[in-house]
Amino acid sequence: MHEKVVVNGKVSRLSHPLEHDSIADLADAHDKIGRYAQASAARMLAEGKKSSISKAVLRSVWAYMNSYVFRLGFLDGSTGAMVAAYSAGYTYQKWALVALGGKSRCAEESRAGVNGKSAGFRNRPG
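Because the structure is a prediction, the values reported are computed rather than measured.

## Notes on the overall build of the protein
On a plain count of helices and strands, the protein comes out with 4 helices and 0 strands. When the helices and strands of the protein are listed from N to C terminus, the series reads α-α-α-α. Sorting the 126 residues of the protein into buried and exposed places 25% on the buried side. Put simply, of all contacts in the protein between residues at least 6 apart along the chain, 65% involve residues at least 24 apart. Carbon together with sulfur atoms contributes 56% to the accessible area of the protein, which is approximately 9,100 Å² in total.

Laid out in structure tokens, this is it:
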């Protein structure tokens, strides 16, 4: 995502901390997760990785547990739960895209669920 830094000019230390808030709102967060998942899935497919929807589900459950329990996200209350949910959503999307060969239209359909009912993870709120 941030593969390299390109600087045109002098490099020096900041005199004050830099606040880097790269997410404007909830819709922006969902879009970013979708873009990052697609980029990661493309890289994983190029490396020959394989997946399945079952693996995507299991890995997303692990990502949630890892973030919320093992990394002590529960100590951050609802924020920790939200971070864990985003981690799980990103993980599911990434591995589902690998399972579907990178076809994002199919991934959108799998996230929409059976008969158009939501499966819980979407690229956009709605």
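## Digging into helix α1 (residues 26–46)
Here α1 contains 21 residues, and its C-alpha end-to-end distance of 30 Å stays within 8% of the 30 Å for a straight helix at 1.5 Å per residue. Taken as a whole, α1 has its buried residues at Ala29, His30, Asp31, Lys32, Ile33, Gly34, Ala37, Ser40, Ala41 and Met44. On the buried face of α1, the contacting elements are α3 (78–99). Backbone geometry just downstream of α1 places Gly48 in the positive-phi region, at approximately 85 degrees.

## Observations concerning unusual backbone geometry
Residues other than glycine seldom take positive phi values, yet Leu72 does so here, at roughly 65 degrees. Its place among the elements puts Leu72 in the loop between α2 (53–70) and α3. Judged by its relative accessible area of 43%, Leu72 is partly exposed.

## Some remarks on the packing of α1 against α3
Closest axis-to-axis distance for the α1/α3 pair is 8 Å, and the angle between their directions is 40 degrees. Considering their axes alone, α1 and α3 lie oblique with respect to each other. With respect to the hand of their crossing, α1 and α3 are arranged in right-handed fashion. Contacts between α1 and α3 involve Leu26, Ala29, His30, Ile33, Gly34, Tyr36, Ala37, Gln38, Ser40, Ala41, Met44 and Leu45 on the former and, on the latter, Tyr86, Gly89, Tyr90, Gln93, Lys94, Trp95, Leu97 and Val98. When its residues are assigned to classes, the contact of α1 with α3 shows 13 nonpolar, 6 polar and 1 charged.

## Remarks on the pattern of salt bridges
According to the stated counting rule, one finds 1 salt bridge in the structure shown. Among the ionic pairs, Arg43 bridges to Glu47, the shortest N-O distance being 3.5 Å. Judged by its relative accessible area of 47%, Glu47 falls in the partly exposed class.

## Some remarks on the nonpolar core
If you look at the biggest cluster of nonpolar residues, it comprises 9 residues: Ala37, Ala41, Met44, Ala56, Tyr92, Trp95, Ala96, Leu97 and Val98. Of all elements in the fold, only α1 and α3 reach the threshold of two or more residues within this core. Tallying contributions element by element places α3 first for this core, with 5 residues.

Calculation notes
- Residues numbered from 1 in each chain as written.
- Predicted model: local features only at pLDDT ≥ 70, side-chain atom pairs only at ≥ 80, totals over all residues.
- Heavy atoms only, no water.
- Helix = DSSP H or I, 4+ residues; strand = E, 2+ residues; numbered from the N terminus.
- Buried < 20%, exposed > 50% of the residue type's maximum accessible area, 1.4 Å probe, protein only.
- Contact = heavy atoms within 4.5 Å.
- Areas by Shrake-Rupley, 256 points an atom, 1.4 Å probe, with all protein chains shown as cover.
- Expected span 1.5 Å × (residues − 1).
- Axes fitted to C-alpha atoms, helices over the stretch in contact; angles between N-to-C directions.
- Parallel < 35°, antiparallel > 145°, perpendicular 65-115°, else oblique.
- Left-handed = near helix turned anticlockwise from the far one by under 90°.
- Nonpolar A, V, L, I, M, F, W, Y, C, P; charged D, E, K, R; others polar.
- Salt bridge = Lys/Arg side-chain N within 4 Å of Asp/Glu carboxyl O.
- Core = buried A, V, L, I, M, F, W, Y, C linked by side-chain atoms within 4.5 Å.

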